[in-house]
Each structure stands twice: as structure tokens, then as C-alpha cells.
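Now for the letters of each chain:
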Amino acid sequence: MTAVAAARSPRMNARTWDRVLIYGSAILLALWVLVPFYLIFLSAFSRPNDVFTYPKPLLPTDLSTETMQTFLNSTGVFASVINSIAVAVLTIVISLAFGAPAGYALARFTFRGRQAVQLVILASKMFPVAILSIPLAVAFLRLGLYDNVLGIALVHSAMALPFVVLVTAGVFAGVSNELEEAAMTLGCSRLTAFLRVALPLALPGLAAAAIFTFVISWNEVFASSILTLRQRTLPALVLFALQQSPLYFKFAGGFFMVMPAIVFIFFMRRYLLNLWGGR
Amino acid sequence: MAGIRMQGIVKTFGKTTAIKEISLEVKDGEFLVLLGPSGCGKTTLLRCIAGLETVDAGRIFIGDRDVTDLPPRHRNIAMVFQSYAVFPHMTVRSNIGFGLRMKRVPKPQLERRVQEGAALLALEPFLDRYPAQLSGGQRQRVAVARALVMDAPVLLMDEPLSNLDALLRLQARADLKRLHREVKRTTVYVTHDQVEAMSMGDRIAVMREGVIEQCEPPMQLYTNPASQFVGGFIGSPPMNFLRGRTKAGAFEGEGFSLPMDGSRVEDGRELLLGIRAEQIRFGERGVPARVQVVEPLGATALVTVLVGKVPVKVDAPVNTTVRPDQNVSLAFEPADIRWMDATTGAALAH
Ligand SMILES: Nc1ncnc2c1ncn2[C@@H]1O[C@H](COP(=O)(O)OP(=O)(O)OP(=O)(O)O)[C@@H](O)[C@H]1O
Ligand SMILES: [Mg+2]
């Protein structure tokens, strides 16, 4: 008995150590991400004048929505939120309309140059928008797309497309082709087989792609600030306002910007794990 | 009215030729089994018939219609997939009724036929479950039911029983056979289980590397295999083969010589002597051999003997007296011997 117990205890110790290490690193990583969020949150929900108090109280003793209210009531914020939403929704529609079929093709058909296409799609992500911006602004001025929600949505779609194509390719690759074939032997055409079988099964993944696209567009600031003057999206407005507004205003803006990403990740983490862990 | 006729079908995937050249006719109402080792092209041939693969050459007729260029839905077929391919987002009920809904069958009739299909495969308790909540065998039955309710004149089945346990498999085999007798749909049934093939097929087409080696009724295939491959593939245990050479009207193998009516075969030819396990007796005179293993199987005992270095299986009575390491002689009737060419493996005419 004692021999057995003695033989077991070092192994138990090793396991406990493993746990401590794993949880310890997890906690460190979580703090690394959470502390800035928390500080932003604290500053966004304290009184404007408290922003400069130092050291900060670790617990929110004295919450107030005054700062947030000032931020939300200041001129242009509401309009820019509407703009941001309009741009994001347009971006989702455009990038899914073009990206999902491309992803489907990549997943289903083996064609000459398929690898190359995949590579080019990825490579396009490396092209810096900054270089494009001036010619783009000129072109948009000519086309009447400058300072226009649709114009920004087009640019955002261009940014989101590589991502949407690759993700939807992964999603459709996860839907067995034999399911569609079975549907085709049961009286479906290619199209109806897609609509009745592949699409419903791909829907969660497509939704995740859509919401990811939303966040890309919601957070994008460079193109939006260059290509707009009055029709600012929220990030463009915040960026513009940063230079001339008090610190508490910046915190409120930052908090307002960060929220959608957090909410998104909270609801979508299951799909995200599937997307990256699976295929 | 709905036989299948294939003429010179060729199908390649890039550099691999899955179907070399196959011409085959399945008569109306016939139950044809496609049998062959893994990777020989059974599924590919079935998919060509279904219209899921476009053939590189050849034509396919179903009934009188040339369907070579028609999509699957216009071919009047129903198919059971090797991987079941049941729709995960639909209940068993919707799965079975899917094809009928596509055909816009009126609701009352649709529900009746779904019920019938479910009853036939003992799926009634699961009608409102999703496939994820079923076992592999139950999923496979859903796939079979989904194809059966279509009432298509041609039924294509790709190893539909491969995932059932032995007992259920026996039962399902009998059910499918009875069903076929009742409805007489033209059926092409893929399997690599030769017992299943023997018990179900009106004819069996034995495939090997993209060609059909032999297509005949089961017993004919068993007694007169067209090649060493077929003899070695059909039957459990497979046919035994002894290598040798003809010499002065006799067949000379390793350590034995058998008289053969040498009139037909020229001297010095390399031959294979093929003989079934149940046609070998332990006798006084014959091919000398040494017993290696005795396996009692219940009704009979399977004895493995060595002729030279070649293992030969013998079906012996269960009360056989032979023991391992004993020297025995193998006797058989000349009429039971099947001669094959040793280089090509093809059977000699007899
Ligand atoms: N889509 C494909 N692309 C490339 N090669 C393929 C494809 N489908 C089948 N093959 C090849 O064709 C050959 C025949 O395959 P097939 O699936 O018809 O075999 P099978 O007889 O059904 O085997 P099993 O009993 O294992 O199901 C194999 O060599 C396979 O690798
Ligand atoms: Mg197969």
C-alpha cells in the first residue's frame, strides 16, 4: 500500500505542476488582454474630471455615465454610428455576395491554378491600403463615390473579401460534397441541391464570416478617414476628434468602439474555434 | 423497361484510370452485384451510372434512353451512398421524404410512403430524431429507406450494409432480397463481401483494377472461375492453386506428379491447378502434403496443409483424425480441377 502511494505521489505532483503552469499562463494572458479593457471601461464610466486621478481605484467605486453621455450627445456621433452601421451592412452584403461563391468554387472544384488563386487571395492582404489611398480618392472623386457610404463599403469589401473567400471555402469544404450529390440523385438540380443542403449546413459558418466582416468594417479607420469629409464613420470621427478633444472623450470613444468586438467574440467563439481548429 | 446498358465506359481521374473499359448489360429487374477489392472502381462505375461522374468515353442507356449526358435527376435512379450521406440538418422523417418532396408528391401520399419506408427498415422509433442522434447502422438504414421510397425503376446501392452488425446484416440482407423479389427493380449492388454477393446476386460482376473479370450467376462463378483472380476472390476459403508444368501428359508440381489428359495442352507449359477446399479428400495416394493447422469451425474443420511451401486449405469433416505435422496425401477428382495459365491467370477452356 505505502509503496503504491509513494510511487503515485510524484506523478500526482507532476500533474499539479502542469496545471499550475497552464492556468498560470492562461491567467497572465487573460490579464494582458483584460487590464487595458478594464482601464478603458473605468475611465469611460467615471466622471470627466476623475480621468486624471492617480492612482486609479482598482474597483469601480464611483461609476457615472456622464462621460458616455457627453460622448454620445456630442455632434456627429449619432450620425457617424448610423454611417458605420450602413457601411458595415453594405460591406457584408457585397463581400458575401462575391466571396461566398468564390469560396464555394475553391472548396468544390479542382481547377487548374486553384492553388495560385488561393495564394493570390492571401497575397492581396499584404498590399498596403496607404499606397492605394490617394489614387483611390481621386478615382472616387471622379466616380462620385467620394464622401459616400457606398464608396467606403466598396473599399471595406475589398479588404474583407480575401478573408471571406478563405473562410467560406473552409466552411463549404466542411459540408460533404456527397450530401449535395445525394440531393441531386433525389431530384435536385445543382442549384436546388446547394440551396437545400449545402447552404443550410453552411449557415453558421457564413454567419460567423458575416459578423467578422462587420467587425473589420466597424474598426477600419484609414480608408474611412481619407475617403470621407462629412459622412464620417465612427472610427474616422473618433480619430478626427482625438486631436482636439479632452482625454475622457477619447476613452468614451474607445470604449464604444471596442464593445462590438467583445460582444462578437463572446457569441462567436464556438464558431471561431470550429473555423480555425477544424479545417 | 429499365435495364441498364453500358458500352465502353472509360473513366479517368487525372493519371489514374478508375474504369479501363467496361461494357455491361443489366437486365430489367435483375439484381446485379458488383464485387471486387477496395479501389477497383466499383463506386466509380456506380457513380457513372448515377450521373455523378461524367464518363470519358462510352455511352450509358437506362431503358431505351441514352442518359450519358443527362443529370442525375433525369435518370430515374435512386442511390444509396457508401458514406450514407444523410442530411444532418433534417430529421429522419424529412430525410426519407426528401426525394418525394422534390418530386412534389402530394402530402398524404408522401406521409404514407415515408411511413412504409420507415417500417420496412425498422426506423419508426427514430422518425423525429436527427442523424447525429443515430448509430452508424441506423443512419445507413435511413439512407436505404430514402432511396427505396423513391420507387425509381433503377436502384443503385454502394455497400449499403457495410456498417451493420453481423446479425442485423443477415436480417437486412434477407429483407433486401425479399424486397427485390416483390418489386423487381433493376438493382446494381456494390459490395466487397463475397458472401453477400453470393447470397443476393442474380449475377455477380467481379471487378479488378477497372475491368470486369467475369460476370455470371453466383454458382457458375464459384465452380468455373474465369481466372485465378476470380477463383481466389470468390469462396471462403478461396480456391487453392498449385503451380507446375506439363510434361509428357502429366502435371508436375513441387514433389508430385498428376496424370492429366495431356492431349489438349502442349508440353512444357506453366500451369496452375485450381481446386476448391471442399473437393479435396485425404486419401491413400495423391499429392503429398504436411498438415500445418487444424481449425474446427463447427460443422466442418478447416485444415491447412503445406504442399512444398504452398499452403492449401482443405475442408475436412469435423471429426477428422489428421493432426499437425502429420504427412498426408491429397486426393481429388480430375473433373473438379480448374486449370489456369500460370502467367496470365486465365482459365483454360475445358
Ligand atoms: N475523385 C477522385 N479523384 C481521383 N481519384 C479517384 C477519385 N475517385 C476515385 N478515384 C480512384 O479511382 C479508383 C477507384 O475508386 P473507387 O472509389 O471506385 O473504388 P471502390 O471499388 O469503390 O473501392 P472501395 O471498395 O474501397 O469503396 C481508386 O484508385 C481511387 O483512388
Ligand atoms: Mg467504394
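Throughout, residues of each chain are indexed from 1 in the direction in which the sequence is written. Chains carry letters from A onward and ligands carry numbers from 1 onward, assigned in written order. Two thresholds apply to this predicted model, a pLDDT of at least 70 for residue-level local features and 80 or more for giving and counting side-chain atom pairs, whereas whole-chain, interface and lining totals are computed over all residues. In computing side-chain values, all of the structure's heavy atoms are included and hydrogens and water are not.

A. Representation of the overall build of chain A in the model. Secondary structure counts use DSSP, requiring at least four H or I residues in a row for a helix and at least two E residues in a row for a strand, with both numbered from the N terminus. The number of helices and strands found in chain A is eleven helices and zero strands. Secondary structure elements of chain A occur, N-terminal to C-terminal, as α-α-α-α-α-α-α-α-α-α-α. Classification of residues uses two cut-offs on accessible area relative to the type maximum, computed with a 1.4 Å probe and protein chains only: under 20% is buried, over 50% is exposed, and between them is partly exposed. Buried residues in chain A amount to 37% of all 279 residues. Two residues form a contact once any of their heavy atoms are found within 4.5 Å. In chain A, once contacts between residues fewer than 6 apart in sequence are set aside, the share between residues at least 24 apart is 71%. When the accessible surface of chain A is summed, it comes to about 16300 Å², and 72% of that surface belongs to carbon and sulfur atoms. For every accessible area listed, the method is Shrake-Rupley and the probe measures 1.4 Å; residues are considered covered only by the protein chains on display.

B. Spotlight on the site of ligand 1. All names here are of chain B. Phe-13, Ala-18, Ser-38, Gly-39, Cys-40, Gly-41, Lys-42, Thr-43, Thr-44, Gln-82, Glu-159 and His-192 make up every residue found near ligand 1. Interatomic distance of 2.5 Å between a side-chain N/O atom of Thr-43 and an oxygen atom of ligand 1. The fraction of the free accessible surface of ligand 1 (640 Å²) that becomes covered by protein chains is 61%. In terms of residues, the shell around ligand 1 owes the most to one element, helix α1 (residues 42-50), which gives three residues. Among the residues making up the shell around ligand 1, the classes are represented as three nonpolar, seven polar and two charged. Being near a molecule or strand, for a residue, comes down to having at least one heavy atom within 4 Å of it. N or O atoms within 3.5 Å of each other form a polar contact, as long as, within protein, one can give a hydrogen and the other can take it, and as long as residues adjacent in sequence are counted only when both atoms are side-chain atoms. Under the grouping applied here, Gly and all other residues not named as nonpolar or charged are polar, the nonpolar ones being Ala, Val, Leu, Ile, Met, Phe, Trp, Tyr, Cys and Pro and the charged ones Asp, Glu, Lys and Arg.

C. Examining the coordination of the magnesium ion (ligand 2) more closely. Residue and element names in this part refer to chain B. Counted as donors are the N, O and S atoms within 2.8 Å of the metal, or 3.2 Å for Na, K and Ca, while water is not among the atoms, so some sites may look incomplete. Protein coordination of the magnesium ion (ligand 2) is provided by Thr-43 (OG1) and Gln-82 (OE1), with donor distances spanning 1.8 to 2.4 Å. Of this pair, Thr-43 sits in helix α1 while Gln-82 is found in the loop between β6 (77-80) and α2 (92-102), placing the two residues 39 residues apart along the sequence. For Thr-43, a relative accessible area of 25% translates into the label partly exposed. The class for Gln-82 is partly exposed, based on a relative accessible area of 35%.

D. Just the environment of Arg-203 of chain B, in detail. Residue and element names in this part refer to chain B. Tracing the chain through its elements places Arg-203 in strand β9 (residues 203-208). Along the primary structure Arg-203 and Ala-335 are separated by 132 residues, whereas in three dimensions their C-alpha atoms are 24 Å apart. Beyond its immediate sequence surroundings of up to four residues, Arg-203 is in contact with Glu-25, Val-26, Lys-27, Glu-30, Phe-31, Leu-32, Val-33, Cys-215, Glu-216, Pro-217 and Pro-218. At a separation of 2.5 Å, a polar atom in the side chain of Arg-203 contacts the side chain of Glu-30.

E. Main features of the packing of aromatic side chains. By convention, a stacked pair of Phe, Tyr or Trp rings (six-membered ring in the case of Trp) has centres within 6.5 Å and planes under 30 degrees apart, an edge-to-face pair has planes over 60 apart, and any other such pair is tilted. In this structure the tally under the stated criterion is 14 aromatic pairs over all chains. Residues Phe-172 of chain A and Phe-194 of chain A carry aromatic rings whose centres are separated by 5.8 Å and whose planes lie at 45° to one another, so their mutual orientation is tilted. Of the two residues, Phe-172 of chain A sits in helix α6 (residues 149-173) while Phe-194 of chain A sits in helix α8 (residues 190-219), which places them 22 residues apart along the sequence. For the pair formed by Phe-172 of chain A and Phe-194 of chain A, the shared burial category is buried. Taking 4.8 Å as the distance between ring centres and 65° as the angle between the ring planes, the aromatic pair formed by Phe-251 of chain B and Trp-339 of chain B counts as edge-to-face. Of this pair, Phe-251 of chain B sits in strand β12 (residues 250-253) while Trp-339 of chain B sits in strand β20 (residues 338-341), and the two are 88 residues apart along the sequence.

F. Seen up close, the domain arrangement of chain B. Residue and element names in this part refer to chain B. The domains assigned to chain B are domain 1 (4-233) and domain 2 (240-341). Of the roughly 660 Å² buried where domain 1 meets domain 2, counting both sides, 51% is carbon and sulfur surface. Two parts lose some accessible area (1.4 Å probe) when they are put together, and adding that loss for both gives the buried area. Taken as a group, Tyr-222, Gln-228 and Gly-231 account for 65% of the area that domain 1 buries against domain 2, more than any other trio of residues on that side. The term salt bridge refers to a pairing of a side-chain nitrogen on Lys or Arg with a carboxyl oxygen on Asp or Glu at a separation within 4 Å. Inspection of the region where domain 1 meets domain 2 yields zero salt bridges. By convention here, the domain bounds are inherited from an automatic or database domain assignment.

G. Highlighting the packing of helix α3 (residues 77-108) of chain A against helix α10 (residues 234-242) of chain A. Residue and element names in this part refer to chain A. Axis definition: a line fit to C-alpha positions, over the contact stretch in the case of helices; interaxial angles, taken between N-to-C directions, run 0 to 180 degrees. The contact between α3 and α10 brings their axes to 7 Å, and the two run at 140°. As judged from the angle between their axes, α3 and α10 are oblique. In contact with Val-77, Ser-80, Val-81 and Ser-84 of α3, α10 contributes Leu-234, Pro-235 and Leu-237. Partitioned by chemical class, the residues of the contact of α3 with α10 number five nonpolar, two polar and no charged. When an angle is under 35 degrees it counts as roughly parallel; over 145 it counts as roughly antiparallel; between 65 and 115 it counts as roughly perpendicular; any other value is oblique.

H. Representation of the confidence of the model for chain B within the structure. Confidence of the predictor in every single residue is expressed as pLDDT, which spans 0 to 100. This prediction gives chain B a mean pLDDT of 91; 98% of its residues lie at or above 70. The ipTM value of the predicted complex is 0.84, and its pTM value is 0.80.

I. Structural detail: the sheet that holds β20 of chain B. Residues and elements named next belong to chain B. Spatially, five strands are ordered β13-β12-β11-β14-β20 in an open sheet, and the strand pairing comes out antiparallel. Of all the strands in the sheet, the pair left with one neighbour each is β13 (256-259) and β20. Each adjacent strand pair in this sheet contributes to an overall mean axis angle of 35°, direction not counted. What makes two strands pair is DSSP finding at least two bridges between them. Direction of pairing for strand β14 (residues 270-275) relative to β20: antiparallel, over a ladder of four bridges. Directly across from Leu-273, in β20, lies its bridge partner Trp-339.

J. Summary view of the interface of chain B and chain A. Listed as interface residues are 19 residues of chain B and, on the opposing side, 15 residues of chain A. Carbon and sulfur atoms make up 71% of the surface buried where chain B meets chain A, a total of about 1600 Å² over both sides. A salt bridge links Arg-47 of chain B to Glu-181 of chain A, with the shortest nitrogen-to-oxygen separation between them at 2.6 Å. Taken together, the connections running from chain B to chain A amount to three residue pairs in polar contact (both at pLDDT 80 or more). Contributions of two or more residues to the side of chain B that touches chain A are made by β6 and α2 of chain B. Counting residues per element, the side of chain B that touches chain A draws most heavily on α2 of chain B, which supplies three residues.

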